[in-house]
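# Architecture and fold: a report
Here is how the chains run, residue by residue.
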Amino acid sequence: MATILNNFATLTYNSGDDTGAATSNVVSTNLLDSYALTVDKVSLNEDWRPGENITYLVTVTNTCTQPLFAVSVTDDMGGADAPLEYLERSAAIISDSGVTEVTPTSVSPLVIPVADVLSAGESVTVVYVAQVAADIADIVESITNTVFALGRQGSATGVAVESDTDSVTLPRADFAQVDIVKTVDKAVVSSGDTLTYTFTIENSGNIPATNVVIMDTLPAGFEITSISSVTNGVITVYDESDYTVSADNTLILPTGGVVTITVPARTAQGNGVTVVTVTGVVTG
């Protein structure tokens with residue numbers, strides 16, 4: 001880090017029988033350290049979801065008057081709980097000649113060698129990808145991970161020179177993530193039997209999934225007699241005006257916009273769940 005040298009001058013003088021004084025402006029000079037590094041970290045992501053990849057770019061600059069050797073970047077991957085995991089073979093050095101893959105010497109913490117020799121005034125940028133733990137706790141609202149650069153004076157085994165740290169904090173994204181599983185209550189039926197299809201819809205996101213629409217091409221000869229859903233213990237029974245069945249027996253639920261399906265957000269107790277039940281008679 002440069003040291004700023006500031007100074008100014010003063011003078012006194014005679015003006016006849018009087019005296020006077022004046023002060024000059026301040027002039028500044030930067031005194032460069034013999035050995036110093038800076039590090040700057042950014043992310044290409046604005047937020048994250050569980051299991052998602054985050055791309056980081058770290059630029060290391062030799063701000064001193066002498067070359068530094070065996071320069072590396074260390075990332076704590078989110079701290080003690082390590083919510084981030086390095087994505088294998090994602091690290092690369094970006095330079096004017098292109099992108100060159102680099103292999104970390106450690107992944108916990110992440111240590112990436114970025115330059116054998118970094119000349120005075122030279123910068124190098126490394127890009128890498130970290131994956132958010134799929135099972136990260138619901139209470140985690142943001143991830144902060146911190147980097148620093150390390151170089152050595154004179155040779156690869158010389159005295160260590162460490163930069164200040166730089167951190168990036170990304171918030172958890174607001175999102176709904178819905179999955180659906182369909183089951184049937186009977187493996188074998190005869191004409192005239194009742195058959196029930198159950199749709200279990202789960203939301204692993206942290207906001208409700210709204211305006212959910214189910215489409216299902218039901219077997220020929222299956223005639224719907226009732227449809228209902230359960231969300232957080234609340235039962236909704238759908239009238240025939242709340243859904244449509246096309247000529248090829250495709251169910252669309254709901255329709256018309258009066259009745260909607262909402263799957264609640266995940267909580268500490270688990271995914272949000274809505275269960276839809278379609279019951280009918282087999283006539284074929």
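This text goes with the structure placed above it.
Just so you know, these numbers come straight off a predicted model, no measurement behind them. (Residues numbered from 1 in each chain as written. Predicted model: local features only at pLDDT ≥ 70, side-chain atom pairs only at ≥ 80, totals over all residues. Heavy atoms only, no water.)

## Overview of the packing of aromatic side chains
To describe a pair of aromatic rings, one takes the distance between the centres and the angle between the planes. Applicable threshold: Aromatic pairs are defined between Phe, Tyr and Trp rings, using the six-membered ring for Trp, whenever the two ring centres lie within 6.5 Å; interplanar angles under 30 degrees are classed as stacked, those over 60 as edge-to-face, and all others as tilted. Only DSSP runs of H or I reaching four residues or more are called helices, and only runs of E reaching two or more are called strands; each is numbered from the N terminus. Accessible area is worked out with a 1.4 Å probe on protein chains only. A residue is then buried under 20% of its type maximum, exposed over 50%, and partly exposed in between.
For the structure shown, the criterion picks out two aromatic pairs. Here Y56 and Y128 contribute two aromatic rings whose centre-to-centre distance is 5.9 Å and whose plane-to-plane angle is 35°, an arrangement assigned as tilted. Taken together, the residues Y56 in strand β6 (residues 53–62) and Y128 in strand β13 (residues 123–132) connect sequence positions 72 residues apart. When sorted by exposure, Y56 lands in the same class as Y128, which is buried. Here the aromatic rings of Y197 and F222 are separated by 5.3 Å at their centres, their planes lie at 65°, and the arrangement is edge-to-face. A residue pair is termed long-range when its members are at least 10 positions apart, and Y197 in strand β18 (residues 194–203) and F222 in strand β20 (residues 222–231) qualify at 25 residues.

## Notes on the pairing of strand β19 (residues 214–217)
To be explicit about the condition: Whether two strands pair comes down to DSSP finding at least two bridges between them.
Residues I214 and D216 of β19 are buried on one face, while the alternating residues M215 and T217, pointing to the opposite face, are not. Here β19 pairs with strand β23 (residues 250–253) via four bridges, running antiparallel. Residue T217 lies in a different strand from β23, and its bridge partner there is T250.

## Quick notes on the pattern of salt bridges
Keep this limit in mind: Between Lys or Arg on one side and Asp or Glu on the other, a salt bridge is scored when a side-chain nitrogen of the former is within 4 Å of a carboxyl oxygen of the latter.
In this structure the tally under the stated criterion is four salt bridges. Between D138 and R266 there is a salt bridge whose closest N-O contact spans 3.0 Å. One end of the pair, D138, is in the loop between β13 and β14 (142–153); the other, R266, is in the loop between β23 and β24 (272–282), and 128 residues separate them in sequence. For the salt bridge of K182 with D216, the shortest nitrogen-to-oxygen distance reads 2.6 Å. Residue K182 is found in strand β17 (residues 178–184), and its partner D216 is found in strand β19; the two are separated by 34 residues along the sequence.

## Details of the nonpolar core
As a reminder, the rule being used: Put simply, buried Ala, Val, Leu, Ile, Met, Phe, Trp, Tyr and Cys residues joined by side-chain atoms within 4.5 Å make one nonpolar core.
Among the nonpolar cores identified, the biggest contains 35 residues, and V60 and Y128 are the most heavily contacted of them. Of all elements in the fold, only β5 (37–43), β6, β7 (68–75), β8 (84–86), β12 (110–118), β13, β14 and β16 (166–171) reach the threshold of two or more residues within this core. By size, the runner-up hydrophobic cluster in this structure holds 20 residues, among which are F199, V212, Y238 and V276.

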